[in-house]
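# Structural overview
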Amino acid sequence: MKRINIVPGKLSLRQARSINEGPVLLELDPASFEQIEKSVETVRGVIEKGRVIYGINTGFGLLASTVIPTEELEELQHSIVLSHAAGIGRLMDESTVRLIMALKINSLARGYSGIRKEVIDALISLVNAQVYPCIPQKGSVGASGDLAPLAHMSTVLLGEGEVLFKGEKLSGLRGLEIAGLKPIVLGPKEGLALLNGTQASTAFALQGLFRAEDLFAAAVVNGSLSVEAALGSRRPFEALIHEVRGHKSQIETAANFRLLLGHSEIESSHKSCESVQDPYSLRCQPQVMGACLTQIRNTAKVLLTEANAVSDNPLVFSEQQDIISGGNFHAEPVAMAADNLALALAEIGALSERRMALLIDTNMSKLPPFLVEKGGLNSGFMIAQVTSAALASENKSLAHPASVDSMPTSANQEDHVSMATFAGRRLTDMVENTAGILAIELLAACQGLDFRAPLKTSKPLEKAKAMLRERVPFYDKDRYFAPDIDAAVDLILSGRFNLLLDENLLISHGADSSENKKD
């Protein structure tokens, strides 16, 4: 397993991607220990002085004006965890839970939450033992933080709730035993520190980001393959066109198309053709995909900041000996970032579907109708395009922004919320849809290239085609189609096409992901 040293506030996107991809061993940088202890001492000092501070010795939400006696503070923190564990629906994947826990550890260890190191260490022990709390997917509105999901995570620390270990559902108490732990008695502020925060929303959005980067890479490869299969022109990708417009992502996207397309036998075969301009789905790829890349990159910057943020409430400022109640738990930045990423996913899929539709249209592509010999006897790619259209249409509905919605909660005390958790969670469906669309185009484009044989495409694109042909043979006559799509989806989501592009094009793969750079 990969070992990841968490330096609080310095988690990189590359590290987050690794945590998402599989089990890891987390360790906390020792330099953080002093600040963690200082924040705990500040909370103790407040209690000793008899000050009334929200979340430490008061009720929560609309009950914030209720003062809790000192002797009941432990029960207060215990109660909030149990009462707030009110989620519903299917359980989150282990990868999502692991990422949530790592983000929570990173945030708490910055030393502004008033939580003891032993509580943080317990979370680390659970992750390292691959004991993952059972967290339902639904029940958070993204303010006041992701209360229900994080409460389900925290129940296990108390010996309550349930966990997944090696695919088996066990009691929270048994999960603690596997990790070598005993139930924790939470101190003042600690329950609220665990529950308050944007880590569930951010984890969902980060997973969408990582997949969006993989899909973007696949779409650029697909688009290049389709240009060749359709005997399209390379001129729309020339640098001069994109430099005068000035958008950085468009310029860099066009450069990657040039990298992939290079020169080929297929290109030479139609240099004297009478075609004046290609359809937009071929010709305008740098413009559309460049705009999508801008959204992906902007989302990455926002989520990198949020992954390293302190987003619980109230916050403990040890140097000032002050505890301040604010609203960092409001996940509006995450919601808007996820909404923008949804637009990019929808457009990546929409453009791909149009290219695939072009390839099966013999009048446009000059390829056999529906990309199969003996059309009529064979239907070829006819219904695969219908599937692609269905997925692209569904993405349009899912792309509706979640952040424009709000539903008051907690008796109108929490009267505006972000809906960030759904904004991030719905990206999973959009990723699945877009991967399906791209898979169908990949099959179609490679089928088209095989019809151009013995002419070959460029070396990078021949390599891409070979990756598919390792899994899916040429479609010589009608056969059970679904397994071909599944195999192409697996290839696309494997991230292998990322290796064909400039390594710095996508943030969580490139050099910029190695540190938390501020705007």
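Residues numbered from 1 in each chain as written. Predicted model: local features only at pLDDT ≥ 70, side-chain atom pairs only at ≥ 80, totals over all residues. Heavy atoms only, no water.

### Some details on the sheet that holds strand β6 (residues 162–165)
- Taken together, the 3 strands give an open sheet; going across it, the order is β4-β6-β7, and neighbouring strands pair in antiparallel fashion. Each edge of the open sheet carries a strand with a single partner, namely β4 (131–133) and β7 (168–171). Each strand axis lies, on average, 40° off the axis of its neighbour in the sheet, ignoring direction.
- For β4 and β6, the ladder comprises 3 bridges, and the chain directions are antiparallel. (Pairing = 2+ DSSP bridges. Helix = DSSP H or I, 4+ residues; strand = E, 2+ residues; numbered from the N terminus. Axes fitted to C-alpha atoms, helices over the stretch in contact; angles between N-to-C directions.)

### Observations concerning helix α3 (residues 73–84)
- When the terminal C-alpha atoms of α3 are compared, their 17 Å separation across 12 residues agrees well with the 16 Å that a helix rising 1.5 Å per residue should span.
- Among the residues making up α3, those that are buried are L73, L76, Q77, I80 and V81. Seen from one end, α3 has its buried residues packed into an arc of 130°, which puts them on one side. Exposed side chains of α3 directed beyond 90 degrees from the buried face belong to E75 and S83. (Expected span 1.5 Å × (residues − 1). Buried < 20%, exposed > 50% of the residue type's maximum accessible area, 1.4 Å probe, protein only. Arc of directions from axis to C-beta.)

### A short note on a nonpolar patch on the surface
- A cluster of nonpolar residues, M382, I383 and V386, forms a patch on the protein surface that exposes about 250 Å² of accessible area.
- Residue position: M382 is located in helix α17 (residues 382–398).
- Look at M382 and you get partly exposed, because its relative accessible area is 32%. (Patch = residues over 30% accessible without salt bridge, like charges linked within 9 Å, V, L, I, M, F, W, Y side chains within 5 Å. Areas by Shrake-Rupley, 256 points an atom, 1.4 Å probe, with all protein chains shown as cover. Salt bridge = Lys/Arg side-chain N within 4 Å of Asp/Glu carboxyl O.)

### Details of the nonpolar core
- In this structure, L26, L194, L206 and F497 are the most contacted members of the largest nonpolar core, which totals 157 residues.
- The biggest single contributor to this core is helix α9 (residues 199–229), with 18 residues.
- Not counting chain neighbours up to four residues away, the residues in contact with L206 comprise L13, A16, L99, L103, L303 and A307. (Core = buried A, V, L, I, M, F, W, Y, C linked by side-chain atoms within 4.5 Å. Contact = heavy atoms within 4.5 Å.)

### Let's talk about the environment of K117
- Its place among the elements puts K117 in helix α5 (residues 117–128).
- Overall, K117 belongs to the partly exposed group, its relative accessible area being 29%.
- Setting aside residues no more than four positions away along its own chain, K117 makes contact with F33 and I36.

### Here's the deal with the pattern of salt bridges
- A complete count under the given rule lists 26 salt bridges for this structure.
- Notably, a salt bridge pairs E238 with R235, separated by 2.9 Å at the nearest N-O pair.
- The class of E238 is partly exposed, set by a relative accessible area of 30%.
- By relative accessible area, R235 is classed as exposed at 58%.
- Measuring nitrogen to oxygen at the nearest pair gives 2.8 Å for the salt bridge that ties D450 to R469. Pair noted here: D450 is in helix α18 (residues 420–451) and R469 is in helix α19 (residues 459–469), with a separation of 19 residues, a long-range link.
- You can call D450 partly exposed: its relative accessible area is 22%.
- The structure contains a network of salt bridges with shared partners spanning R17, E21, R211, E213 and D214.

### Quick word on the environment of R14
- Along the polypeptide, R14 turns up in helix α1 (residues 13–21).
- Remark: the alpha-carbon pair of R14 and Q385, spanning 371 residues in sequence, is separated by 35 Å.

### Regarding the pairing of strand β2 (residues 24–28)
- The alternating pattern of β2 places V24, L26 and L28 on a buried face and L25 and E27 on a face that is not buried.
- Two strands pair when backbone bridges link them, and strand β1 (residues 2–6) and β2 are joined in this way by 5 bridges, in the parallel orientation. Paired with R3 across the bridge in β2 is L25.
- Handedness of the β-α-β unit built from β1, α1 and β2 comes out right-handed. (Right-handed = clockwise from strand over helix to strand, strands pointing away.)

### Points about the packing of α9 against helix α14 (residues 285–307)
- With their axes 10 Å apart at the nearest point, α9 and α14 run at an angle of 160° to one another. Classified by the interaxial angle, the pair formed by α9 and α14 is roughly antiparallel. Where α9 crosses over α14, the handedness of that crossing is left-handed. Contacts between α9 and α14 involve T202, A205, L206, L209, A212, E213, F216, A219, V220, G223, S224 and V227 from the first element and Q285, M289, L293, I296, T299, A300, L303, E306 and A307 from the second. (Parallel < 35°, antiparallel > 145°, perpendicular 65-115°, else oblique. Left-handed = near helix turned anticlockwise from the far one by under 90°.)

### Let's talk about the pairing of β6
- Bridge count between β6 and β7: 4 bridges; the pairing is antiparallel. Looking at β7, one finds that F165 is bridged to E168.
- Taking the residues between adjacent antiparallel strands as the criterion, β6 and β7 are bridged by 2 residues, where K166 takes a positive phi near 55°.

### Quick look at unusual backbone geometry
- With an omega of 5°, the peptide bond between A143 and S144 qualifies as cis.
- Checked against the element boundaries, S144 lands in the loop between β5 (136–138) and α6 (147–155).
- In this structure, P454 follows A453 across a cis peptide bond, with omega equal to 10°.
- Position of P454 among the secondary structure elements: in the loop between α18 and α19.
- Within the chain, K189 stands out as a residue other than glycine whose phi angle is a positive 80°.
- A positive phi is found at K374, a non-glycine position, where the angle reads about 55°.
- Looking at where K374 falls in the secondary structure, it is placed in the loop between α16 (362–365) and α17.

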